[in-house]
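What follows is the residue order along each chain.
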Amino acid sequence: MKKTLFFAALCVLPFCAAAQEKTERLDSVVVSASRADKNTPVTFTTVGKDELRASNPMNSLPMSLNLLPSVVTYNEGGTGLGNSAMTIRGSKGSQINVTLNGITLNDAESQEVFWVNIPALTSLISGVQVQRGLGTSANGAGAFGASINMNTAFVQADPSARVELSAGSFGTMITSAAISSGRLPGGLYFDLAMNLGSTDGYIRNAQVGSSSLFAVLGWLNGSNSLRLTYLMGQQVSGITWDGIDLEQYYKDRRYNGAGEYLDDEGNVRYYDNQTDNYAQHHVQLNYSHRFGERLTWVNTVNYTRGDGFDEYYKMSRKFKNFGFPSEYSGKTDMIYRKLMDNDLWVLNSSLRFRTDRLHLTAGANLSWYRGGHWGEVLWAKKAARNFDYSSLDWYSNTGWKNDVSAFARAEYQLLPWLTAYADLQYRTIGYRIEGADDDWLEYGAAVEDRLDYNRRWNFFNPRAGLTASWGIHKFYASAALGHREPGRGDIKENVKGEGAPIEPERMLDIETGYGIDTRTFSASVNLYAMEYWDMLLETGRLSSSGYAIKENVPRAWRRGVEISALWEPLDWLRLDGNATLSVNQIADYTSYVPYEDYSATHPVHYGRTTMLMSPSVIGMLRLSLRPWKGGLFTIDSKYVGRQFIDNSMREEMAIPAYWLANLSLGQVFSIGRKTLAVTAYVNNFLNRLYYASGWRWESYNAETGQVYTGIGVYPQPPCNFMIKVSLSF
């Protein structure tokens, strides 16, 4: 990005260049509070705009980050347009804090980011920084394993436009267009981008229709920057999160049972609208002001509105569980929706003070969230033709969450080669749930508000470290303490369960690393120890409605080494690689297996085990060639070691290790002032058949004393193709 800004400055008159450099820096401080600098002693990787846009257009952002150290990704439907998931050092999505221009995108209740709801981010953002471990604390909500900090906040110097058309396997089509005004007279500028995507998906019912719109209107004038940003994402996708039974996987790996039912003649049919529907709108207003050359004030107000529903066809559902009148009894086929809407207001304000030796940033984050959840029955097979479904009182509940945090972060150059770092954050979070869950009628309506919950947590999260830099060498070491509150799913089933009340998780993150950087070669080695207390895990205990609940496990840890290297001996030859070797363990694990009739649970003690979905070995290797002018050929491979579907570390619960290879071939043509680029992508060109994630069920038979198990998996696609044509001018 710095090279881009420098080049833009050279393209205008000298006096304009000086002014442009200053305004560019002012605009960039919108996201500086949440980002690590070169001397910040945390472990991070930064990916620029060009690399993001060069990635496969089919990929969601997690899939585009798949080659980074310690990252593992997969997609439920087989293409990046559907539901994608990622882990970083084994930490799942709800433990990865994601920000856009300093505003957290994680849902306040579930703590997840549903990437399918914000499509085409790779074509919209200017860069992304992935921090592994606890990272910096300036981003409001606490990261508890990693953070992804994205920005759209850089102003282009000159007008530009771009059109992209992509097509590929599984009926995938993507169209995107963008226009940027550059800086206009008076300091005004605007950016506009839109994206339309569709796919049939690899497995049945994995179709996706998505659209996104990104618009910016800004003003830069001397020491002031005002910026209004709007981001909209909308999607309709087939439900794919059920996966398939492993036995079915070997019969037909493209099978998906979502929406399957039997008609009156016993024939298998599929409900066409078994879908997930959601729209999300983000509005951000940012104002930045520079007081001289050293002090900058940044303020951002954000409003996010989301609403949507899942629609299901389900067989043999009990009338009484959906609030039907007493004259309706027994079971029937039904079509129903589970709906939600949410509102999020956020205010960020920070001050940044910089001298030659001191970088000081301090600020506050305030957020307020409301999330509504309710159900509607659309049709019941055995109900009267004129039945009024709006009269049913199935379920409705609402969650409110407020989060207030303040931080102060400083980097001070003790010696020309030594920088000290301190980062202090205080958070106070209040969370309240009221209303009935979707199963309260089934388990007795005497207590209507089954989800009554009201709790406040107060956290102090300190961080400190040192960075030593001399010549081409860099060494850093840091220690950080973090806390994480339980999510909605953790709480609501625990409230209905018989386990002990859950408490927040705690983690001590110790990071140390060494790096070397020369003109043709760079490498780094990072050692980390993420020590957990009161980690929340599913132990097998069930709530009164039969769902798994989470409980605090006293001790667990993730410890490992990350190695990265880049070698570019010639202008046309580059080799990148990274590897992670880790141990991810629970000190003492006991599973509680439900009886077949769910009347009780049977404890099975396993002792020290490996955490679920935490491979001990992850590796990547990429070869990039520029064999002729405008040409680019890349081949990359990814290895993910064996993972376990649950925490028992049993062989029958293992996902086998897999190794994939992808390639791309592109050519850029210069046509006057226009640039035409054509790129072909071949994913999994060795045609590996594998699955990347899964779930399990188990039950205990009291008569035989045996535990019976089964697993479900998410098949990933074999060799597939994509072609992208883009025109920039």
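Residues numbered from 1 in each chain as written. Predicted model: local features only at pLDDT ≥ 70, side-chain atom pairs only at ≥ 80, totals over all residues. Heavy atoms only, no water.

(A) Expanded view of unusual backbone geometry. Residue Ser70 is not a glycine yet carries a positive backbone phi of 70°. Mapped onto the elements of the fold, Ser70 is located in the loop between α4 (61–64) and β2 (71–75). Residue class for Ser70 comes out buried when judged on its relative accessible area of 1%. Even without being a glycine, Gln111 presents a positive backbone phi close to 65°. With respect to the element layout, Gln111 can be found in the loop between β5 (103–104) and β6 (127–133). (Helix = DSSP H or I, 4+ residues; strand = E, 2+ residues; numbered from the N terminus. Buried < 20%, exposed > 50% of the residue type's maximum accessible area, 1.4 Å probe, protein only.)

(B) Layout of the nonpolar core. Leu65, Val128, Ile148 and Met150 are the most contacted members of the largest nonpolar core, which has 31 residues in total. Counting residues per element, the ones that place at least two in this core are β3 (84–88), β4 (96–100), β6, β7 (145–151), β10 (188–199) and β11 (208–221). The residues contacting Val128, other than those within four sequence positions of it, are Arg35, Thr45, Thr46, Val47, Leu52, Leu65, Ile148, Asn149 and Met150. Formed by 20 residues, the second largest nonpolar core is a distinct cluster that contains Tyr312, Val377, Leu392 and Tyr395. (Core = buried A, V, L, I, M, F, W, Y, C linked by side-chain atoms within 4.5 Å. Contact = heavy atoms within 4.5 Å.)

(C) The side chain of Thr419, seen in detail. Assignment of secondary structure puts Thr419 in strand β21 (residues 418–436). For Thr419, a relative accessible area of 7% puts it in the buried group. Apart from residues lying up to four places away in sequence, Thr419 is in contact with Asn39, Glu411, Tyr412, Gln413, Leu414, Gly465, Leu466 and Thr467.

(D) Representation of the packing of aromatic side chains in the model. Going through the model one piece at a time under the given rule, you end up with 24 aromatic pairs. Plain terms: the ring middles of Phe319 and Phe324 are 4.9 Å apart, the flat faces sit at 75° to each other, and that makes the pair edge-to-face. There is no split in this pair, since Phe319 and Phe324 are both buried. Both rings, one in Phe322 and one in Tyr336, keep their centres 5.4 Å apart while their planes meet at 45°; by these two values the pair is tilted. With Phe322 in the loop between β17 (295–318) and β18 (331–354) and Tyr336 in strand β18, this residue pair connects regions lying 14 residues apart in the sequence. Connected via pairs of aromatic rings, a cluster forms that spans Tyr312, Phe322, Tyr336, Trp394 and Tyr395. Cation over ring: Arg337 sits above Phe309, and NZ or CZ is 3.9 Å from the ring centre. Note that Lys401 overlies the ring of Tyr431, its terminal NZ or CZ placed 5.9 Å from the centroid. (Phe/Tyr/Trp six-rings, centres within 6.5 Å; stacked < 30°, edge-to-face > 60°. Lys NZ or Arg CZ within 6 Å of the ring centre and 35° of its normal.)

(E) Here's a closer look at the sheet that holds strand β1 (residues 43–48). Ordered in space as β1-β6-β7-β4-β5, the five strands form an open sheet in which the pairing is mixed. Only two strands of the sheet have a single partner each, and these edge strands are β1 and β5. In this sheet, β6 lies alongside β1 in antiparallel orientation, the contact comprising six bridges. Across the sheet, the residue bridging to Thr46 is Gln129, located in β6. (Pairing = 2+ DSSP bridges.)

(F) Summary view of the pairing of β4. Burial analysis of β4 places five of its five residues in the buried class, which makes it a mostly covered element. Covered by surrounding structure in β4 are Ile96, Val98 and Leu100 together with Asn97 and Thr99, the residues of both alternating faces. Judged from the five bridges that link them, β4 and β7 form a sheet pairing that is parallel. Following the sheet pairing, Val98 is matched in β7 by Ile148. Bridge count between β4 and β5: two bridges; the pairing is antiparallel. If you follow Leu100 over to β5, its bridge partner there is Ile103. Here β4 folds back onto β5 in antiparallel fashion, the turn holding two residues, of which Asn101 has a positive phi close to 55°.

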